[in-house]
Amino acid sequence: MRLGVSGAVVGDRIVRGDVEVAAGVVQAVGVGAPRGSWLAVPGFVDLQVNGFAGVDFLTAHAAGHARAREALLQTGVTAYQPTLITASEPALTAALGEIGGLSPNPPSGARVLGAHVEGPFLSPLWMGSHPGRWRRDPDEALLDRLLAAGPVSHLTLAPELPGATALVRRLVSRGVVVACGHTDARAVEADAAFDLGARTVTHLFNAMRRLEPRDPGIAGAALARGDVTVQIIADGHHLADETVLLVWRAARGRLALVTDAVAAAACGDGRYRLGDVEVEVREGAVRRADGRLAGSALTMIEAVRNLHALGVPLPECVAAASTLPARIAQRPDLGMLGAGRAADLVVLDDRLEIRDVLRGPDLR
């Protein structure tokens, strides 16, 4: 079948013409004369989703996960990492066990790439909304228990903590993506972690040492390097527009969008939970009782629109929501559109509203 689009985002350009799909696989791109103004883009990949559609992943069971992945798919996300914030070891291992029981390629809904464990090896100075009582210093035995409990694909830690270097080495050797975040790392400490194989930075500029003229910290170190991908939450609350543009200009081609969504996403204002933390959503901002930001109610298509509204070319906005996150996740089979690839696609109209979402078979 043909999708009836006028073009498709392929890499860094828009290829004019329709897209042909058969048996869940893209057969051809740029077919026939362009019609209308709709575009096909790669399915979005979200590396940091704490919850969605009323479901919090730290406490979710199979039915909740199913509801969330169906709702995520409707927002254009064809693959994602359920994310677990800092919690007690029993809570984390139980949640990882639930995620381990999910099919990575379910018959419907978004694909599950594995769990993103955000903590508990975080800086006490930059916990953000994570419960401080569950923070832990780097502990290889605890790490091994977490890795054994479920499919950990991505782990955020503070690289400056004593013992963190051993954890980075252990994670890299097991193929787990290491992200630096919730950290007071100086530039030299950040560079040491990146040299060991840490690949990315969690929600750049949020919950980390501030950039200073003589010590740019982890944010400056990451922006200065060509081998580190940075992640941002483009919801209009976590970063000023000028900061988003600064990141895009400094790290063009290395910028990934994440939502950091909580259970409130796709639900609206109200009271929700983020793990152990009660949060309230007002006018789209998610905050604890003390006013501190606690994740977001953002969807990935909204993040794409927000980035594009700042003047970033649409193919780059799409890549930040698909190709770059897939690259971080070490999944070259995802996040791109082309002949012979799985039809993980989103069809957008000229207002960047979602008109259709397809999720093809696992071709790995």
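All of these numbers come straight from a predicted model, not from anything done at the bench.

**A look at the overall build of the protein chain**
In step 1: Scanning the protein chain from N- to C-terminus turns up ten helices and 21 strands.
In step 2: Rg of the C-alpha trace for the protein chain: 19 Å, near the compact-globule value of 21 Å for 364 residues, within the 12% margin.
In step 3: The dimensions of the protein chain, computed from C-alpha atoms along their principal axes, are 60 × 45 × 40 Å.
In step 4: Restricting the contact set of the protein chain to residue pairs at least 6 apart, pairs at least 24 apart contribute 69%.
In step 5: Distance between charge centroids for the protein chain: 2 Å, based on 37 positive and 40 negative side chains.

**Focus: the pairing of strand S18 (residues 277-282)**
In step 1: Residues of S18 alternate between two faces, with Val277, Val279 and Val281 buried on one and Glu278, Glu280 and Arg282 left unburied on the opposite face.
In step 2: Judged from the five bridges that link them, strand S17 (residues 270-274) and S18 form a sheet pairing that is antiparallel. Residue pairing in the sheet places Gly270 in a bridge with Val281 of S18.
In step 3: In this antiparallel pair of consecutive strands, S17 and S18, the connection spans two residues, and Gly275 shows a positive phi of 60°.
In step 4: In the sheet, S18 pairs with strand S19 (residues 285-287) via three bridges, with the strands oriented antiparallel. Within S19, the residue paired with Val281 across the bridge is Val286.
In step 5: Counting the residues that bridge the hairpin from S18 to S19 gives two residues, and of these Glu283 lies at a positive phi of roughly 50°.

**Some thoughts on helix H9 (residues 314-321)**
In step 1: Of all eight residues making up H9, seven are buried, and the element is well covered by its neighbours.
In step 2: All of the buried residues in H9 are Leu314, Pro315, Cys317, Val318, Ala319, Ala320 and Ala321.

**Observations concerning helix H1 (residues 62-74)**
In step 1: Relative to the 18 Å expected for 13 residues at 1.5 Å per residue, H1 spans 19 Å between its end C-alpha atoms, a close match to the ideal helical length.
In step 2: Looking at H1, one finds that the buried residues are Gly64, His65, Ala68, Arg69, Ala71, Leu72 and Leu73.
In step 3: Buried-residue contacts for H1 involve strand S6 (44-49), strand S7 (51-52), strand S8 (55-56), strand S9 (77-84), helix H2 (89-100) and strand S21 (354-358).
In step 4: Downstream of H1 by a residue or two, Gly76 has a phi angle that is positive, lying close to 95°.

The rules behind these values
- Residues numbered from 1 in each chain as written.
- Predicted model: local features only at pLDDT ≥ 70, side-chain atom pairs only at ≥ 80, totals over all residues.
- Heavy atoms only, no water.
- Helix = DSSP H or I, 4+ residues; strand = E, 2+ residues; numbered from the N terminus.
- Rg over C-alpha atoms; globule rule 2.2 N^0.38 Å.
- Contact = heavy atoms within 4.5 Å.
- Lys, Arg positive; Asp, Glu negative; His and termini not counted.
- Charge placed at Lys NZ, Arg CZ, Asp CG, Glu CD.
- Buried < 20%, exposed > 50% of the residue type's maximum accessible area, 1.4 Å probe, protein only.
- Pairing = 2+ DSSP bridges.
- Expected span 1.5 Å × (residues − 1).

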